[in-house]
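Per-entry structural report
Each chain is listed here by its residues.
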Amino acid sequence: MKKTILKVLKYVLIAVSIYVGILLIEFCIIYAVKGEDTWNYYKEFWEWYITLF
């Protein structure tokens, strides 16, 4: 039982690490394209996303 929990925890940590890595890469790419306008881009995106629902 303990080995199973550790195995699941290992896979969960790997998945979370990959997800965070992808988010950081995405942020860096958007910052490279938008520059100082990155925060305004995210604000507009979330406003659009909220109004979508």
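Here, the structure is the one placed above.
It should be emphasised that the depicted structure is a prediction, and the values quoted were computed from it without experimental measurement.

A separate point is the side chain of Thr38. Note that Thr38 resides in helix α2 (residues 38–52). Once residues within four sequence positions are removed from consideration, Thr38 is found in contact with Phe27, Ile30 and Tyr31.

This part is about the packing of aromatic side chains. Enumeration over the complete set of coordinates arrives at ten aromatic pairs. A centroid spacing of 5.8 Å and a plane angle of 65° characterise the contact between Tyr41 and Tyr42, whose relative ring orientation is edge-to-face. You can call Tyr41 partly exposed: its relative accessible area is 32%. Three or more aromatic residues joined by ring pairs make a cluster, and in this case those are Phe27, Tyr31, Trp39, Tyr41 and Tyr42. For the cation-ring pair, Lys10 lies above Tyr11, with the distance from its terminal atom to the ring centre recorded as 5.8 Å.

The next subject is the packing of helix α1 (residues 2–34) against α2. Between α1 and α2, whose axes approach to 9 Å, the crossing angle comes to 115°. Judged by the angle between their axes, α1 and α2 are roughly perpendicular. Taking contact as the criterion, the partners of Phe27, Ile30, Tyr31 and Lys34 in α1 are, on α2, Thr38, Trp39, Tyr41 and Tyr42.

This part covers a nonpolar patch on the surface. Judged by side-chain polarity, Val8, Val12, Val16, Tyr19, Val20, Leu23 and Leu24 come together as a nonpolar surface patch covering roughly 630 Å² of accessible area. Turning to its location among the elements, Leu24 is positioned in helix α1. Exposure remark for Leu24: the relative accessible area of 52% places this residue in the exposed category.

About the criteria used
Residues numbered from 1 in each chain as written. Predicted model: local features only at pLDDT ≥ 70, side-chain atom pairs only at ≥ 80, totals over all residues. Heavy atoms only, no water. Helix = DSSP H or I, 4+ residues; strand = E, 2+ residues; numbered from the N terminus. Contact = heavy atoms within 4.5 Å. Phe/Tyr/Trp six-rings, centres within 6.5 Å; stacked < 30°, edge-to-face > 60°. Buried < 20%, exposed > 50% of the residue type's maximum accessible area, 1.4 Å probe, protein only. Lys NZ or Arg CZ within 6 Å of the ring centre and 35° of its normal. Axes fitted to C-alpha atoms, helices over the stretch in contact; angles between N-to-C directions. Parallel < 35°, antiparallel > 145°, perpendicular 65-115°, else oblique. Patch = residues over 30% accessible without salt bridge, like charges linked within 9 Å, V, L, I, M, F, W, Y side chains within 5 Å. Areas by Shrake-Rupley, 256 points an atom, 1.4 Å probe, with all protein chains shown as cover. Salt bridge = Lys/Arg side-chain N within 4 Å of Asp/Glu carboxyl O.

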